[in-house]
Amino acid sequence: MSLIRPYGDTTGDGMVQLSFTLPIQHSKVAEGAAVQLANKMGMDPALVVHAKPMGEGFTFFVVYGRVNHLVDPSTVEVVERDYPLLTPKEANAAIKRSLRRRLVVVGGCIGTDAHTVGIDAILNIKGFAGEKGLEYYRELKVVNLGAQVSVPQLVEAAREERADAVLVSQVVTQRDAHLLNTREMSAAFREAYPAASRPLLVVGGPRFDETMADELGVDRVFSRGTTPGEVASFIVHRLTGPRPTTQEKAS
(Lines give C-alpha, C1' and ligand atoms only; values in the text may rest on other atoms or scores of the structure.)
Protein backbone atom coordinates (compact mmCIF):
# COMPACT_ATOMS: atom_id res chain seq x y z
CA MET A 1 0.00 0.00 0.00
CA SER A 2 1.38 3.41 -1.00
CA LEU A 3 2.05 6.38 1.26
CA ILE A 4 -0.86 8.78 1.68
CA ARG A 5 -1.27 12.46 2.56
CA PRO A 6 -4.32 14.25 4.01
CA TYR A 7 -7.00 15.44 1.58
CA GLY A 8 -8.69 18.83 2.01
CA ASP A 9 -9.63 20.69 -1.16
CA THR A 10 -7.65 18.70 -3.73
CA THR A 11 -5.99 15.30 -3.74
CA GLY A 12 -2.72 15.23 -1.79
CA ASP A 13 -2.86 18.88 -0.70
CA GLY A 14 -2.14 17.92 2.93
CA MET A 15 -4.88 20.15 4.36
CA VAL A 16 -6.20 19.24 7.84
CA GLN A 17 -8.56 20.75 10.40
CA LEU A 18 -7.69 20.85 14.09
CA SER A 19 -9.72 21.99 17.10
CA PHE A 20 -8.46 22.82 20.60
CA THR A 21 -8.93 25.14 23.58
CA LEU A 22 -6.35 27.55 24.96
CA PRO A 23 -6.47 29.07 28.47
CA ILE A 24 -6.53 32.64 27.20
CA GLN A 25 -9.23 35.29 26.76
CA HIS A 26 -10.42 35.66 23.17
CA SER A 27 -8.52 38.39 21.33
CA LYS A 28 -6.28 38.88 18.31
CA VAL A 29 -3.37 37.82 20.48
CA ALA A 30 -5.23 34.62 21.36
CA GLU A 31 -5.79 33.88 17.69
CA GLY A 32 -2.11 34.50 17.04
CA ALA A 33 -1.26 32.07 19.82
CA ALA A 34 -3.50 29.46 18.20
CA VAL A 35 -1.68 29.90 14.89
CA GLN A 36 1.67 29.65 16.67
CA LEU A 37 0.64 26.38 18.30
CA ALA A 38 -0.55 25.00 14.96
CA ASN A 39 2.78 26.00 13.35
CA LYS A 40 4.69 24.18 16.08
CA MET A 41 2.54 21.09 15.40
CA GLY A 42 3.64 21.12 11.76
CA MET A 43 0.77 23.07 10.14
CA ASP A 44 2.13 25.70 7.78
CA PRO A 45 0.43 27.83 6.70
CA ALA A 46 -2.29 27.71 9.38
CA LEU A 47 -5.48 29.77 9.46
CA VAL A 48 -7.91 30.27 12.35
CA VAL A 49 -11.33 29.62 10.80
CA HIS A 50 -13.31 29.70 14.05
CA ALA A 51 -12.73 31.17 17.51
CA LYS A 52 -15.23 31.34 20.36
CA PRO A 53 -14.90 32.34 24.03
CA MET A 54 -15.47 29.39 26.38
CA GLY A 55 -16.10 31.15 29.68
CA GLU A 56 -13.73 33.47 31.47
CA GLY A 57 -10.15 33.06 30.29
CA PHE A 58 -10.65 30.28 27.71
CA THR A 59 -11.08 30.25 23.92
CA PHE A 60 -12.00 27.42 21.57
CA PHE A 61 -10.33 27.39 18.14
CA VAL A 62 -10.67 25.59 14.84
CA VAL A 63 -7.55 25.88 12.69
CA TYR A 64 -7.18 24.85 9.03
CA GLY A 65 -3.81 24.37 7.43
CA ARG A 66 -1.32 22.24 5.52
CA VAL A 67 0.92 19.48 6.85
CA ASN A 68 3.73 17.80 4.97
CA HIS A 69 3.62 14.48 6.80
CA LEU A 70 3.01 11.24 4.94
CA VAL A 71 1.28 8.18 6.38
CA ASP A 72 2.26 4.58 5.68
CA PRO A 73 -0.85 2.39 6.26
CA SER A 74 1.28 -0.77 6.07
CA THR A 75 2.93 0.10 9.40
CA VAL A 76 -0.31 0.76 11.30
CA GLU A 77 -1.01 -1.67 14.16
CA VAL A 78 -4.65 -2.34 15.09
CA VAL A 79 -6.64 -5.06 16.83
CA GLU A 80 -8.54 -6.97 14.16
CA ARG A 81 -11.59 -9.04 15.06
CA ASP A 82 -10.36 -12.62 15.34
CA TYR A 83 -13.70 -14.29 16.01
CA PRO A 84 -16.88 -14.79 13.98
CA LEU A 85 -19.88 -12.50 14.44
CA LEU A 86 -22.78 -14.57 15.73
CA THR A 87 -26.50 -13.92 15.59
CA PRO A 88 -28.35 -14.15 18.91
CA LYS A 89 -29.68 -17.54 17.80
CA GLU A 90 -26.18 -18.82 17.03
CA ALA A 91 -24.79 -17.45 20.30
CA ASN A 92 -27.58 -19.07 22.30
CA ALA A 93 -27.01 -22.41 20.57
CA ALA A 94 -23.24 -22.28 21.23
CA ILE A 95 -23.77 -21.54 24.93
CA LYS A 96 -26.37 -24.26 25.33
CA ARG A 97 -24.23 -26.81 23.51
CA SER A 98 -20.99 -26.00 25.33
CA LEU A 99 -21.93 -24.86 28.84
CA ARG A 100 -25.32 -26.58 29.27
CA ARG A 101 -26.32 -23.64 31.44
CA ARG A 102 -26.82 -19.89 31.11
CA LEU A 103 -23.69 -17.79 30.72
CA VAL A 104 -23.53 -15.10 33.42
CA VAL A 105 -22.43 -11.55 32.58
CA VAL A 106 -21.97 -8.85 35.24
CA GLY A 107 -21.47 -5.27 34.09
CA GLY A 108 -21.27 -1.71 35.34
CA CYS A 109 -19.40 1.60 35.44
CA ILE A 110 -16.66 1.65 38.08
CA GLY A 111 -15.20 4.47 40.13
CA THR A 112 -16.96 7.83 40.04
CA ASP A 113 -18.16 7.32 36.45
CA ALA A 114 -21.90 7.99 36.32
CA HIS A 115 -22.26 7.68 32.54
CA THR A 116 -24.22 4.49 31.92
CA VAL A 117 -25.02 5.13 28.26
CA GLY A 118 -22.21 2.82 27.13
CA ILE A 119 -22.88 -0.13 29.40
CA ASP A 120 -26.65 0.22 28.85
CA ALA A 121 -26.18 0.20 25.07
CA ILE A 122 -24.43 -3.17 25.35
CA LEU A 123 -26.47 -4.81 28.11
CA ASN A 124 -30.03 -3.42 27.90
CA ILE A 125 -32.46 -5.28 25.67
CA LYS A 126 -33.05 -2.20 23.48
CA GLY A 127 -29.38 -2.34 22.46
CA PHE A 128 -27.58 -0.04 20.06
CA ALA A 129 -27.11 0.51 16.30
CA GLY A 130 -30.07 -1.69 15.44
CA GLU A 131 -28.83 -4.64 17.50
CA LYS A 132 -30.47 -6.05 20.61
CA GLY A 133 -28.48 -5.88 23.84
CA LEU A 134 -27.23 -8.88 25.79
CA GLU A 135 -30.44 -9.06 27.86
CA TYR A 136 -32.14 -10.23 24.68
CA TYR A 137 -30.02 -13.40 24.53
CA ARG A 138 -31.98 -16.28 26.06
CA GLU A 139 -28.89 -18.15 27.26
CA LEU A 140 -27.31 -15.11 28.93
CA LYS A 141 -28.02 -13.99 32.47
CA VAL A 142 -27.19 -10.29 32.61
CA VAL A 143 -26.64 -8.36 35.84
CA ASN A 144 -26.28 -4.62 35.25
CA LEU A 145 -24.91 -2.92 38.38
CA GLY A 146 -25.29 0.57 36.91
CA ALA A 147 -23.07 3.53 37.73
CA GLN A 148 -20.42 4.41 40.31
CA VAL A 149 -19.70 0.83 41.32
CA SER A 150 -16.62 0.38 43.48
CA VAL A 151 -14.10 -2.27 42.50
CA PRO A 152 -14.76 -4.32 45.69
CA GLN A 153 -18.51 -4.19 44.93
CA LEU A 154 -17.85 -5.41 41.38
CA VAL A 155 -15.69 -8.31 42.59
CA GLU A 156 -18.27 -9.26 45.21
CA ALA A 157 -21.10 -9.18 42.67
CA ALA A 158 -19.07 -11.32 40.28
CA ARG A 159 -18.46 -13.86 43.05
CA GLU A 160 -22.07 -13.86 44.17
CA GLU A 161 -23.43 -14.29 40.64
CA ARG A 162 -20.67 -16.73 39.63
CA ALA A 163 -19.94 -14.50 36.68
CA ASP A 164 -18.37 -15.94 33.55
CA ALA A 165 -17.63 -12.48 32.17
CA VAL A 166 -17.35 -8.98 33.64
CA LEU A 167 -18.01 -5.94 31.46
CA VAL A 168 -16.86 -2.49 32.53
CA SER A 169 -17.63 0.78 30.75
CA GLN A 170 -15.57 3.92 31.32
CA VAL A 171 -16.50 7.28 29.80
CA VAL A 172 -14.80 9.64 32.28
CA THR A 173 -11.16 9.97 31.18
CA GLN A 174 -9.86 13.03 33.05
CA ARG A 175 -6.31 12.39 34.30
CA ASP A 176 -6.49 8.91 32.76
CA ALA A 177 -9.11 7.83 35.29
CA HIS A 178 -10.31 5.10 32.90
CA LEU A 179 -6.85 3.54 32.78
CA LEU A 180 -6.25 3.77 36.53
CA ASN A 181 -9.67 2.29 37.30
CA THR A 182 -9.17 -0.56 34.83
CA ARG A 183 -5.77 -1.47 36.27
CA GLU A 184 -7.23 -1.42 39.78
CA MET A 185 -10.11 -3.62 38.66
CA SER A 186 -7.93 -6.19 36.90
CA ALA A 187 -5.54 -6.37 39.87
CA ALA A 188 -8.47 -6.95 42.23
CA PHE A 189 -9.76 -9.85 40.14
CA ARG A 190 -6.31 -11.40 39.90
CA GLU A 191 -6.04 -11.23 43.69
CA ALA A 192 -9.56 -12.57 44.30
CA TYR A 193 -9.55 -15.46 41.81
CA PRO A 194 -7.19 -18.27 40.80
CA ALA A 195 -6.06 -17.70 37.21
CA ALA A 196 -8.01 -20.69 35.90
CA SER A 197 -11.35 -19.54 37.34
CA ARG A 198 -11.14 -15.77 36.84
CA PRO A 199 -14.02 -14.31 34.84
CA LEU A 200 -13.37 -12.92 31.40
CA LEU A 201 -12.58 -9.21 31.86
CA VAL A 202 -13.82 -6.84 29.14
CA VAL A 203 -13.59 -3.04 29.22
CA GLY A 204 -14.86 -0.43 26.80
CA GLY A 205 -15.24 3.28 26.24
CA PRO A 206 -14.74 5.97 23.61
CA ARG A 207 -11.13 6.78 24.56
CA PHE A 208 -9.67 3.35 25.12
CA ASP A 209 -6.86 2.09 22.90
CA GLU A 210 -7.79 -1.43 21.83
CA THR A 211 -4.13 -2.48 21.74
CA MET A 212 -3.76 -1.96 25.53
CA ALA A 213 -5.50 -5.13 26.76
CA ASP A 214 -2.32 -6.81 28.01
CA GLU A 215 -1.02 -3.61 29.57
CA LEU A 216 -4.30 -3.09 31.44
CA GLY A 217 -4.55 -6.72 32.52
CA VAL A 218 -7.85 -7.47 30.76
CA ASP A 219 -8.92 -9.92 28.08
CA ARG A 220 -10.33 -7.41 25.61
CA VAL A 221 -10.67 -3.67 25.11
CA PHE A 222 -13.46 -2.27 22.96
CA SER A 223 -13.51 1.32 21.72
CA ARG A 224 -16.13 3.65 20.27
CA GLY A 225 -18.81 2.25 17.98
CA THR A 226 -18.74 -1.27 19.40
CA THR A 227 -22.10 -3.05 19.07
CA PRO A 228 -23.77 -5.57 21.41
CA GLY A 229 -23.33 -8.30 18.81
CA GLU A 230 -19.56 -7.80 18.73
CA VAL A 231 -19.33 -8.05 22.52
CA ALA A 232 -21.64 -11.05 22.74
CA SER A 233 -19.77 -12.84 19.95
CA PHE A 234 -16.42 -12.27 21.66
CA ILE A 235 -17.68 -13.55 25.02
CA VAL A 236 -19.29 -16.62 23.48
CA HIS A 237 -16.23 -17.31 21.33
CA ARG A 238 -13.86 -17.15 24.31
CA LEU A 239 -16.03 -19.02 26.80
CA THR A 240 -17.44 -21.79 24.64
CA GLY A 241 -14.27 -22.56 22.70
CA PRO A 242 -10.87 -23.75 23.91
CA ARG A 243 -9.30 -21.25 26.31
CA PRO A 244 -6.05 -19.71 25.05
CA THR A 245 -2.92 -20.84 26.82
CA THR A 246 -0.57 -18.43 28.59
CA GLN A 247 1.78 -18.60 25.59
CA GLU A 248 -1.06 -17.81 23.16
CA LYS A 249 -2.13 -14.82 25.27
CA ALA A 250 1.42 -13.48 25.25
CA SER A 251 1.89 -13.91 21.49
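Look up: the structure comes first, before these words.
Let me begin by describing the structure that accompanies this report. (Residues numbered from 1 in each chain as written. Predicted model: local features only at pLDDT ≥ 70, side-chain atom pairs only at ≥ 80, totals over all residues. Heavy atoms only, no water.)

Considerations on the layout of surface pockets
1) Next: Considered as a void within the structure, the second largest pocket measures approximately 340 Å³ in volume.
2) Next: As for the second largest pocket, its lining consists of 21 residues, and the residues nearest its centre are G118, I122, G204, G205 and T226.
3) Next: Per element, the largest residue contribution to the lining of the second largest pocket is 5 residues, and it comes from helix α3 (residues 117–123).
4) Next: Its residues placed into classes, the lining of the second largest pocket shows 13 nonpolar, 7 polar and 1 charged. (1 Å grid on protein atoms, 1.4 Å probe; cavity = no way out; pocket = protein on both sides within 12 Å on 5 of 7 lines; lining within 4 Å. Points joined across faces, edges and corners; volume = space filled by probe spheres on them. Helix = DSSP H or I, 4+ residues; strand = E, 2+ residues; numbered from the N terminus. Nonpolar A, V, L, I, M, F, W, Y, C, P; charged D, E, K, R; others polar.)

Notes on the sheet that holds strand β7 (residues 200–204)
1) Next: The 5 strands are arranged β5-β4-β6-β7-β8 in an open sheet whose pairing can be described as parallel. If you trace the sheet from one side to the other, it starts and ends with β5 (140–144) and β8 (220–222), each paired once. Strand-to-strand, the axes of this sheet are offset by a mean angle of 20 degrees, without reference to chain direction.
2) Next: In the sheet, strand β4 (residues 103–108) pairs with strand β6 (residues 165–169) via 4 bridges, with the strands oriented parallel. Bridged to G107 within β6 is L167.
3) Next: In the packing of helix α4 (residues 151–161) onto the sheet, contacts are made with β4, β5 and β6, and the angle to β4 comes to roughly 165 degrees. (Pairing = 2+ DSSP bridges. Axes fitted to C-alpha atoms, helices over the stretch in contact; angles between N-to-C directions. Contact = heavy atoms within 4.5 Å.)

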